[in-house]
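Chains, contacts and geometry: an overview
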Amino acid sequence: MTRDNPQLQKTVLVVGCTDSPVTSTVKAVLSSWKLECAEDNEEALALVEKSTFDLLITDQGSSGREDVELLQKARLVSPHTRVIIVADRSTPADVTASIRAHAFSYFTKPLSSQALEEVLQLAMESPACDDAIEMLSGTDAWIRLSVRCDVLTANRLQQFVREFLNLPEADESQVATASREMLLNAMEHGGKFDPQRRIELAYLRARHVVLIRIKDPGEGFSLQENLDTAANNPPGDPMRHLKHREALGMRPGGYGILLAKNLVDELFYGEKGNDVLLIKYINNNELKAPASPPL
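Residues numbered from 1 in each chain as written. Predicted model: local features only at pLDDT ≥ 70, side-chain atom pairs only at ≥ 80, totals over all residues. Heavy atoms only, no water.

Turning our eyes to something else, we now look at the pattern of salt bridges. According to the stated counting rule, one finds 11 salt bridges in the structure shown. The closest approach of N and O atoms between Glu69 and Arg65, which form a salt bridge, is 3.1 Å. Of this pair, Glu69 and Arg65 are both found in helix α3 (residues 64-77), 4 residues apart, which corresponds to roughly one turn of the helix. Among the residues examined, Arg65 registers a relative accessible area of 47% and is labelled partly exposed. In this structure, Glu200 engages Arg144 in a salt bridge whose closest nitrogen and oxygen atoms are separated by 3.0 Å. One end of the pair, Glu200, is in strand β8 (residues 198-205); the other, Arg144, is in strand β7 (residues 142-148), and 56 residues separate them in sequence. A residue is classified by how much of its surface remains accessible, and Glu200, at 29% relative accessible area, is partly exposed. The class for Arg144 is partly exposed, based on a relative accessible area of 28%. (Salt bridge = Lys/Arg side-chain N within 4 Å of Asp/Glu carboxyl O. Helix = DSSP H or I, 4+ residues; strand = E, 2+ residues; numbered from the N terminus. Buried < 20%, exposed > 50% of the residue type's maximum accessible area, 1.4 Å probe, protein only.)

Structural data, given as structure tokens:
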């Protein structure tokens, strides 16, 4: 049998406590997978050198830098193993390094079990592809990415966005949601949801502001003349865009631009309509405190 055979049971390796919340979530979501545990990164690497794992998850009280080192070493042995980093301590540089090394996702504790469940589901559903999210350039404050034009990649990207930007809790969800909606809009209109096409994104985290630029490979469009977005519905016909989308055979939706405008402070389109800039002003007094080291 080959690894693509659906009858071959997949295996996940969790580095850390066998009774941790992360391991419990893995058991619930990946109930059909075989679960193995390693005490620390050193033991995990030894296991990776002996066996092949479909997914590796770090969860043993290490830093992001240490887990990225494990990721790099593990992929030298098994290039296509997916790695989800769950770190106790992290910096934007660690997040950037994890994207360069093709981590599947990245979390800093404390983490939401729902967010982890969503990423585990993506790991089950996403096709094998190491270049879905590619780093074009990156510093601690500014990254440029190229992403594959499909919904699963858009959903997966948002966890990296949350970690890299490290926003106050009041702003985090708004920025992540607005970014995702505009990315999906670019994928739909400019990329036609063709996984062979790419979207370019840039995220800049300054002291009091976040800027997000999204550029799609399409020829552009006129926002004022676009009939399939809710932003252009006339007052007397709030559902007009849904009728127009249905007539064109498009997916339900069209609320992305309207939603994004209400979640960020400013939104600008370039002249051609295939380049958008989102701006969100930040109150740093509400910045999330870094996770405390384990006792």
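Having seen the structure, we can now continue with the description.
Turning our attention to unusual backbone geometry. Following Lys109, the chain continues to Pro110 via a peptide bond in cis, the omega torsion being -5°. Mapping Pro110 onto the fold places it in the loop between β5 (105-108) and α5 (113-125). Positive phi is not limited to glycine here, since Lys192 has a value of about 55°.

Let's shift gears to the environment of Gly16. Along the chain, the position of Gly16 falls in strand β1 (residues 11-16). Counting along the chain gives 44 residues from Gly16 to Gln60, while the straight-line C-alpha distance between them is 4.1 Å. Among residues more than four places away in sequence, those in contact with Gly16 are Ala38, Glu39, Asp59 and Gln60. (Contact = heavy atoms within 4.5 Å.)

What follows is about the sheet that holds strand β4 (residues 82-87). Neighbouring strands of a sheet are bound in pairs by backbone hydrogen bonds; such pairs are parallel or else antiparallel. With respect to topology, 5 strands assemble into an open sheet ordered β2-β1-β3-β4-β5, the strand pairing being parallel. Unpaired on one side and paired on the other, β2 (34-38) and β5 mark the two borders of the sheet. For this sheet the average axis-to-axis angle between neighbouring strands, irrespective of direction, equals 15°. Relative to β4, strand β3 (residues 55-59) runs parallel, the two sharing 3 bridges. (Pairing = 2+ DSSP bridges. Axes fitted to C-alpha atoms, helices over the stretch in contact; angles between N-to-C directions.)

A separate point is the packing of helix α6 (residues 151-165) against helix α7 (residues 169-189). The relative placement of two packed helices comes down to the angle between their axes together with the axis-to-axis distance. Two elements in contact, α6 and α7, have axes whose closest approach is 10 Å; the angle formed by their N-to-C orientations is 150°. Like other packed secondary-structure pairs, α6 and α7 cross with a definite hand, here right-handed. Of α7, the residues touching α6 (which contributes Val151, Ala154, Asn155, Leu157, Gln158, Arg162 and Leu165) are Glu172, Ser173, Val175, Ala176, Ser179, Arg180, Leu183, Leu184 and Met187. Partitioned by chemical class, the residues of the contact of α6 with α7 number 9 nonpolar, 4 polar and 3 charged. (Left-handed = near helix turned anticlockwise from the far one by under 90°. Nonpolar A, V, L, I, M, F, W, Y, C, P; charged D, E, K, R; others polar.)

The subject of this paragraph is the nonpolar core. Ranked by size, the top nonpolar core spans 54 residues in total, and within it Leu145, Val147, Leu157, Leu183, Ile199, Tyr203 and Ile214 carry the most contacts. At 7 residues, the largest contribution of residues to this core is made by α7. Sequence-distant contacts of Ile214, that is, excluding residues within four places in its chain, are made with Ser179, Met182, Leu183, Ala186, Ile199, Glu200, Leu201, Asn274, Asp275 and Val276. If you look at the next biggest cluster of nonpolar residues, it comprises 19 residues, including Val12, Val86, Phe107 and Val119. (Core = buried A, V, L, I, M, F, W, Y, C linked by side-chain atoms within 4.5 Å.)

Right, let's talk about the sheet that holds strand β10 (residues 266-269) for a bit. Spatially, 6 strands are ordered β6-β7-β8-β9-β11-β10 in an open sheet, and the strand pairing comes out antiparallel. Both outer strands of the open sheet, β6 (133-138) and β10, are each paired with one neighbouring strand and no more. Here the strands of the sheet are splayed against their neighbours by 15° on average, with no regard to which way each runs. Pairing analysis gives 7 bridges linking β7 to β8, with the strands arranged antiparallel. Within the sheet, the bridge partner assigned to Arg148 lies in β8 and is Arg198. Here helix α4 (residues 92-100) sits on the sheet and contacts β6 and β7; the angle it forms with β6, its principal contact strand, is near 130°.

So, on to the confidence of the model for the chain. Should the pLDDT be low somewhere, the predicted coordinates at that spot are not to be read in detail. When pLDDT is averaged across the chain, the result is 85; 82% of the residues are at 70 or more. Segment residues 289-295: pLDDT under 50, and 5 contacts once partners within four positions in sequence are set aside and those in other chains are kept. (pLDDT = per-residue confidence, 0-100.)

By the element assignment, Thr81 lies in the loop between α3 and β4. Assessed through its relative accessible area of 4%, Thr81 is described here as buried. Among the polar contacts listed, one links the side chain of Thr81 to the backbone oxygen of Phe53, at a separation of 3.2 Å. Those residues in contact with Thr81, other than ones at most four positions away along the chain, are Phe53, Asp54, Leu56 and Arg75. (Polar contact = N/O pair within 3.5 Å; in protein donor to acceptor, adjacent residues only side chain to side chain.)

Attention now moves to α6. Since one α-helical turn is 3.6 residues long, residues separated by three or four positions face the same way. Relative to the 21 Å expected for 15 residues at 1.5 Å per residue, α6 spans 21 Å between its end C-alpha atoms, a close match to the ideal helical length. Across the 15 residues that make up α6, a large majority, 11, are buried. Measuring from the side-chain oxygen of the N-cap residue of α6 to the backbone nitrogen of Leu152 gives 3.1 Å; that N-cap residue is Asp150. Asn166 lies just past α6 and shows a positive phi near 50°. (Expected span 1.5 Å × (residues − 1).)

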